[in-house]
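Breakdown of the fold
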Amino acid sequence: MGDKSQFLRGTLEGCILKIISDEEVYGYEIAEKLKKYGLNEVSEGTIYPLLLRLEKNGFVDSIKKESAFGPKRKYYSLSSLGKKELRNFYDNWEELRDSIDRIFEDYGRKEI
Amino acid sequence: MSKAERERKENFELGKSLTKGNGIIFTDIVCYLRVSDINEVEQEEIISDILRMFLDWQEEGKSVGNMVGENYKKFTDDIISAVNPKKDIFKKIKEYLVILVGFSCLMLTIDFIFLYLPKLLKGNFDYNITYNYTLGMLISTLYILIIATTLVTYIGKNSFELSKKHSSKLQNFIFGCSAAGLIILSVVLTMTLRHIVILSINIRFVIGIIVVYWVQKGVKKIMISVDNLS
């Protein structure tokens, strides 16, 4: 239950959408940014199936661009449908977070 | 040339830069994807993405195991479920028909080379003779295709397990005997049924079919080369 990856499963797609909404990024950059925010267990390999799903659902668009360091890279940007999905995700997240916060409001205090 | 063919050629060239270890993992993933229900264009797109990721990690000295987890089958299954491919029975039938026509032309060419080409080269070829397409020929074409398709599907579906497994001498012997048995069966079938004619056509039509088949194959190949140069 306390497994962080279980918590992440449902929310990672929303986090990826937010990162893509900030600027056009490629897979490795997304993983690095997620790590910067503390999600260290995420790698480019683990987010690739999620990116595929987001693209398949029309939430993100992709374009291949030449890279100075090696083969072409796939850059992702948010589609208009993705913007709506991101808004939807954040509204749900806020609602859920507030509910959980209320449940845990007195957590720890009772034991003292 | 189609987008899938262009991408396949590009992936093949890029794949040569992979290290031996990464190359094995990549090949297993590709084999597994090839026998999935994902369509050809999406397959090439995904293979291209994976290849570029592998090359990036290789360049940075990161192991593939660390980036996707040691369970490569799960990684590939996640990809397949992300694409959520729909089974298109008509598309599958069309694919098999294309393979069947191509392979029939190849068998026809082999038959022609052995039976008629020497006469044609000697100059005593009679252009009015009749070519008999026999039941033996049809059965052996279907037989080889079914065996090949079954083998490819089996290897694809079990690519990750087969890579890890080291066959014993006995297993190799049994495999060799089975392969030899299947070939002998194919020859016996062809010989037994070669007297039953199902279609008789003028040899000129056969030559026409063979020429058209190989010319279109050659043109396709030239187009791929030109496309890669540009």
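Here the structure is a predicted model, which is why all the values come from computation and not from measurement.

Side note on the overall build of chain B
Summing up its helical and strand segments, chain B has 11 helices and two strands in all. Helices (α) and strands (β) of chain B occur, in sequence order from the N terminus, as α-α-α-α-α-α-α-β-α-α-α-β-α. Here the C-alpha atoms of chain B give a radius of gyration of 22 Å, more than 25% beyond the 17 Å that 2.2 N^0.38 yields for 230 residues. By the burial criterion, 13% of the 230 residues in chain B qualify as buried. The contacts in chain B between residues at least 6 apart in sequence include a share of 88% that link residues at least 24 apart.

Here's the deal with the overall build of chain A
Within chain A one finds four helices and three strands. Walking chain A from its N terminus toward its C terminus, one meets helices and strands in the order α-β-α-α-β-β-α. Here the C-alpha coordinates of chain A stretch approximately 60 × 30 × 20 Å along the principal axes. Long-range pairs, those at least 24 residues apart, make up 48% of the contacts in chain A with a sequence separation of at least 6.

Concerning helix H1 (residues 4–22) of chain A
Residue and element names in this part refer to chain A. Relative to the 27 Å expected for 19 residues at 1.5 Å per residue, H1 spans 25 Å between its end C-alpha atoms, a close match to the ideal helical length. At Gly10, H1 is bent by approximately 55 degrees, the largest bend along its length. Where H1 is buried, its residues contact strand E1 (25–26), helix H2 (27–36), helix H3 (44–56), strand E2 (60–65), strand E3 (73–78) and helix H4 (80–103).

With respect to the nonpolar core
Ranked by size, the top nonpolar core spans 38 residues in total, and within it A:Ile16, A:Ile20, A:Ile47, A:Leu51, B:Ile29, B:Ile50 and B:Phe54 carry the most contacts. Looking at this core, the elements that each hand over two or more residues are H1, H2, H3 and E3 of chain A together with helix H2 (20–34), helix H3 (40–59), helix H4 (64–68) and helix H5 (72–83) of chain B. Ranked by residue count, the leading element in this core is H3(B), at seven residues. Aside from chain neighbours lying at most four places away, what touches A:Ile47 is A:Ile16, A:Gly27, A:Ile30, A:Ala31 and A:Val42.

A word on the environment of A:Leu81
Examined against the element boundaries, A:Leu81 turns out to sit in helix H4. Along the sequence, A:Leu81 and A:Glu95 sit 14 residues apart, while their C-alpha atoms lie 21 Å from each other.

Here we look at the packing of H2(A) against H3(A)
Residues and elements named next belong to chain A. Taken N-terminus to C-terminus, the directions of H2 and H3 make an angle of 115 degrees; their axes are 9 Å apart at the nearest point. The angle between the axes of H2 and H3 places the two elements in the roughly perpendicular class. For the crossing formed where H2 meets H3, the hand is right-handed. Here Gly27, Tyr28, Ile30 and Ala31 of H2 come into contact with H3, specifically with Glu44, Ile47, Tyr48 and Leu51. When grouped by side-chain class, the residues that make up the contact of H2 with H3 number six nonpolar, one polar and one charged.

Regarding the interface of chain B and chain A
Counting residues at the interface gives 15 residues for chain B, matched by 17 residues for chain A. Elements with a contribution of two residues or more to the side of chain B that touches chain A: H3, H4 and H5 of chain B. A breakdown of the residues in the side of chain B that touches chain A according to their chemical character gives nine nonpolar, one polar and five charged.

A few points about the sheet that holds E3(A)
Residues and elements named next belong to chain A. Strand order in the open sheet formed by three strands is E1-E3-E2, with antiparallel pairing between adjacent strands. Single-partner strands in this sheet number two, and they are E1 and E2. Bridge count between E1 and E3: two bridges; the pairing is antiparallel. For Tyr26, the partnering residue across the bridge sits in E3 and is Tyr75. Sheet contacts for H1: E1, E2 and E3; angle to E3, the most-contacted strand, approximately 95 degrees.

A look at the domain arrangement of chain B
Frequently, the measure chosen for interface size is the accessible area removed from exposure when the parts meet. Residue and element names in this part refer to chain B. Taken domain by domain, chain B consists of domain 1 (3–83) and domain 2 (89–229). Measuring from the centre of the C-alpha atoms in domain 1 to the corresponding centre in domain 2 gives 30 Å. The interface of domain 1 with domain 2 comprises 11 residues on the first partner and 10 residues on the second. Where the side of domain 1 that touches domain 2 is concerned, the elements lending two or more residues are helix H1 (3–15), H2 and H5. Take the side of domain 1 that touches domain 2: its biggest share by element is five residues, from H2.

Rules and cut-offs
Residues numbered from 1 in each chain as written. Chains lettered and ligands numbered in written order. Predicted model: local features only at pLDDT ≥ 70, side-chain atom pairs only at ≥ 80, totals over all residues. Helix = DSSP H or I, 4+ residues; strand = E, 2+ residues; numbered from the N terminus. Rg over C-alpha atoms; globule rule 2.2 N^0.38 Å. Buried ≥ 20, exposed ≤ 12 C-beta atoms within 10 Å, placed from the backbone. Contact = placed C-beta atoms within 7 Å. Expected span 1.5 Å × (residues − 1). Bend = angle between axes of the 7 residues up to and from the residue. Core = buried A, V, L, I, M, F, W, Y, C linked by C-beta atoms within 7 Å. Axes fitted to C-alpha atoms, helices over the stretch in contact; angles between N-to-C directions. Parallel < 35°, antiparallel > 145°, perpendicular 65-115°, else oblique. Left-handed = near helix turned anticlockwise from the far one by under 90°. Nonpolar A, V, L, I, M, F, W, Y, C, P; charged D, E, K, R; others polar. Pairing = 2+ DSSP bridges. Domains from an automatic or database assignment.

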